[in-house]
Amino acid sequence: MTIQFNKETFRDDYSFRNSDWAIKRFPFPFHEDSYMYSVNMEQHRGGPPGSVYEKRFDVDEHYLAEMEDRAIVLAEDPLRCQSLPHMTLAGWDTLELIMTCKSEDYPDLFELHRDGKRWRWVNKPMGIDHSFTFLDETTLPCGPLEYITRQTQGDFAVLDQRDEMLWMDAGTVTTQADWSLDFDIGMNFFEWHAPVPMAHELGIFKRALKFLLNVQQGAPARRLNWTMTVNPLLDTSPENYHKWGIQKTTLTPENIGAKQHLRVELQTFFRLPRSNALLFPIRCYLIAFQDIVSVPKWGRRLHRVVRDLPDELATYKGFIANRPMMLDYLGQYDDGRPTSPGIWPDLETEPPLDMGR
Amino acid sequence: MSKFQFPESIASRPTYGSLKSRPGKAHLMIADAEGAEAILDLAAQDAGLMAKSHVIYIPSGSGAGLSERLRGLKPAQYYEGPSYAAAVPRIRRVLSDAHMGLQVYLCGTEGLMGQAMNEATAAGIPHSAIQTEHRGSIARRMQCVHCKGITENVTTDPFVCAHCGLNLFVRDHYSRRLAAFQGVCIDAEDPGNVPNPVELYK
Ligand code: HEM
């Protein structure tokens, strides 16, 4: 299908909206009625047609608006894109991977023409037609990582692999769930995960690292993570927390359905060929509560997950103060019926809401 | 004698040991304030050590005759600086000369150890040749995540950023690259509601 790109904002007037198409393909992160951290990783080998898992780098109706938002953030704070000196080759690897995947997966939107080292990149939605020399930085307007991530939805961390460890040595981070690339750059896997509650004790990070160290070229992996955001604000950065934190206090029983968003990250892991670095795209999808509950199964389940989530996790994710109001709202969409296993909406097979039961 | 036991914390927060004399032809000791006591203890372990040692000491206003006692150890080279920043060019110069096998000893406040650690590793000294021991103040070097300014010697939580003036709470999340802990606005969700500062670890 051809994608109609939305004209919308993720700040100020927050005109961001999901179409019916985007709602039905939303990556709902709960495969059962409860949630706890786990080593939830699987191969990233496509998915049902139209789903966000189908392509290696999903492009959706928010593409252009998200790229505009990234440009605003980078103009205000260039430290959101950084690369330690030894990471330039990994930046080129990233550029090649994304250009190759996008031109193969979306030939009507992106083209890559290669003649030896002379490359021509055409990004039709963004109106870019650019010839450059691969591995020659002087032929790009900025570094290779910044160049390609200004044209690709989602944040990107690039991990150097040495001494059986991953090091966060480069990245572009403007749609993060409240962590700072500038602070975390140079840290190892255990250090940057240090603030996460419970998961260290459960041994999750040890096992996850082992898995990641063995991700092979051509065999990417993926997982989902989630949190909550008031207003469809992509840039929930610690840098700007003193500006956006106050928005968490603006929820009311009347506006919560439109204002409160579930924020889901589709995280993927790609081994890069020349640098042997690991590319970690973190793609953020937002959905308003009122759109989630339009899918009966998701409304029932989200209520149960939020209700039963351990306090440590609700605190870490920053919504413990708003949880009671969320439960009042979501409770209206939970009739107590059982839910089908798995993340899919199952609109044809799941019963409609029946609160009079 | 002041040796503080830091409670168990998160994985990014550094931990410190106790200095042990190691064999080697050359030894570099960098200390501030009560860190001098750790060098005095170290010298007591090994009578031959100080004659092979270069001591760089920043008293930071700690009296108690620590400088004299350090000098009295008769190190091969002794330098006393008015501040860590003033000592940095000398530290770099000394590290640039370092031969294989140089042993580095860092002691005193976390801010001094963290920054000197970066100098040593940048100069190519392997981690296995660097030891640390915390002594004296539990003051922290804090980075404001909002304006990026560093506030030195933070002893209370919350504290006021010396650069942008925001009231920040003190996190245990630590960046070795910055040699600093992270400070985050404490009243973002309730402007003006800033709790009274309390001493760290009290
Ligand atoms: C190598 C790629 C990865 C990077 C760069 C990365 C980065 C991060 C960062 C920066 C945070 C925020 C920490 C903070 O509070 O400051 C985080 C949170 C977290 N990460 Fe990772 N991560 C990676 C892989 C993984 C994997 C494979 C797992 C598998 C279990 C995982 C599990 C988690 C969990 C459970 C959280 C807490 C999230 C929440 O509750 O919202 N991460 N990660």
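Located above this text is the structure these notes cover.
Residues numbered from 1 in each chain as written. Chains lettered and ligands numbered in written order. Predicted model: local features only at pLDDT ≥ 70, side-chain atom pairs only at ≥ 80, totals over all residues. Heavy atoms only, no water.

Engineer: Got a minute to help me understand the overall build of chain B in this structure?
Structural biologist: The helix and strand tally for chain B stands at four helices and 12 strands. Relative to its length of 202 residues, chain B is compact, with a C-alpha radius of gyration of 18 Å against a globular reference of 17 Å. In terms of principal-axis extent, the alpha carbons of chain B reach across some 60 × 35 × 30 Å. Counting over 202 residues, chain B shows a buried share of 50%. Here the analysis covers contacts within chain B between residues at least 6 apart in sequence; of these, 64% occur between residues at least 24 apart. A total accessible area of about 9300 Å² is found for chain B, and carbon and sulfur atoms account for 53% of it. Looking at chain B, you have 20 positive and 19 negative side-chain charges, and the mean spots of the two groups are 9 Å apart. (Helix = DSSP H or I, 4+ residues; strand = E, 2+ residues; numbered from the N terminus. Rg over C-alpha atoms; globule rule 2.2 N^0.38 Å. Buried < 20%, exposed > 50% of the residue type's maximum accessible area, 1.4 Å probe, protein only. Contact = heavy atoms within 4.5 Å. Areas by Shrake-Rupley, 256 points an atom, 1.4 Å probe, with all protein chains shown as cover. Lys, Arg positive; Asp, Glu negative; His and termini not counted. Charge placed at Lys NZ, Arg CZ, Asp CG, Glu CD.)

Engineer: Explain the interface of chain B and chain A to me, please; I cannot follow it from the model alone.
Structural biologist: By a widespread convention, an interface's size corresponds to the accessible area lost as its parts come together. Between chain B and chain A, the contact holds 23 residues from the first and 23 residues from the second. The junction of chain B with chain A conceals about 1900 Å² of combined surface from both sides, 59% of it contributed by carbon and sulfur atoms. Scanning the region where chain B abuts chain A turns up five salt bridges. The closest approach of N and O atoms between Lys148(B) and Asp182(A), which form a salt bridge, is 3.1 Å. At the surface where chain B touches chain A, the tally comes to 11 residue pairs in polar contact (both at pLDDT 80 or more). Counting residues per element, the ones that place at least two in the side of chain B that touches chain A are strand S10 (167–175) and strand S11 (180–185) of chain B. Top contributing element to the side of chain B that touches chain A by residue count: S11(B), with five residues. Broken down by class, the residue content of the side of chain B that touches chain A amounts to 12 nonpolar, six polar and five charged. (Buried area = accessible area lost by both parts, 1.4 Å probe. Salt bridge = Lys/Arg side-chain N within 4 Å of Asp/Glu carboxyl O. Polar contact = N/O pair within 3.5 Å; in protein donor to acceptor, adjacent residues only side chain to side chain. Nonpolar A, V, L, I, M, F, W, Y, C, P; charged D, E, K, R; others polar.)

Engineer: I'm lost on the site of the ligand in this one. Help?
Structural biologist: Residue and element names in this part refer to chain A. In the vicinity of the ligand, 23 residues are found, and the nearest of them are Tyr-37, Trp-192, His-193, Tyr-316 and Lys-317. Separating an oxygen atom of the ligand from a side-chain N or O atom of Asn-225 is a distance of 3.4 Å. The element contributing the most residues to the shell around the ligand is helix H7 (residues 204–213), with four residues. (Near = heavy atom within 4 Å.)

Engineer: What is the right way to look at the sheet that holds strand S1 (residues 27–32) of chain B in this model?
Structural biologist: Backbone-to-backbone hydrogen bonds pair the strands of a sheet. The strands run either parallel or antiparallel. Residue and element names in this part refer to chain B. What the five strands build is an open sheet, ordered S3-S2-S1-S4-S5; its pairing is parallel. Looking along the sheet, the strands with just one partner apiece sit at the ends: strand S3 (77–80) and strand S5 (130–134). Shown here is a sheet whose adjacent strand axes are inclined to one another by a mean of 10°, direction ignored. As paired strands, strand S2 (residues 53–58) and S3 are joined by four bridges and run parallel to one another. Bridge pairing links Tyr-57 to Glu-80 in S3. Lying on the sheet, helix H1 (residues 35–45) is in contact with S1, S2, strand S4 (103–108) and S5; it crosses S1 at an angle near 145°. Contacts from helix H4 (residues 110–122) reach S1, S2, S4 and S5 within the one sheet, and its direction differs from that of S5 by about 175°. (Pairing = 2+ DSSP bridges. Axes fitted to C-alpha atoms, helices over the stretch in contact; angles between N-to-C directions.)

Engineer: I'm lost on the pattern of salt bridges in this one. Help?
Structural biologist: Close approach of charged atoms allows side chains of opposite charge to pair. A full pass over the atoms with the stated rule returns 43 salt bridges over all chains. For Asp155(A), the salt bridge goes to Arg70(A), with nearest N and O atoms at 2.9 Å. Of the two residues, Asp155(A) sits in strand S6 (residues 155–162) while Arg70(A) sits in helix H2 (residues 63–76), which places them 85 residues apart along the sequence. Note on Asp155(A): relative accessible area 2%, which makes it buried. Glu37(B) is paired through a salt bridge with Arg135(B); the nearest N and O atoms lie 3.6 Å apart.

Engineer: Is there a simple way to think about the pairing of strand S5 (residues 128–133) of chain A in this case?
Structural biologist: Here is the key point about a regular strand: its side chains alternate between the two faces of the sheet. Residues and elements named next belong to chain A. Both strand S4 (residues 118–123) and S5 contribute to a ladder of six bridges, which runs antiparallel. Bridging across to S5, Arg-118 finds its partner in Thr-133. The turn joining S4 and S5, which pair antiparallel and follow one another in sequence, is formed by four residues; a positive phi near 70° is taken by Gly-127.

Engineer: What is the right way to read the nonpolar core from this model?
Structural biologist: For soluble globular proteins, the rule of thumb is that nonpolar side chains tend to be buried together. Residues and elements named next belong to chain A. In this structure, Leu-166, Phe-189, Trp-226, Met-228 and Leu-262 are the most contacted members of the largest nonpolar core, which totals 65 residues. With six residues, the top contributor of residues to this core is H7. Excluding anything up to four places from it in sequence, Phe-189 contacts Met-165, Leu-166, Phe-205, Ala-208, Leu-209 and Leu-212. Core analysis: the next-biggest nonpolar cluster, separate from the first, contains 33 residues, Leu-97, Phe-134, Tyr-147 and Ile-148 among them. (Core = buried A, V, L, I, M, F, W, Y, C linked by side-chain atoms within 4.5 Å.)

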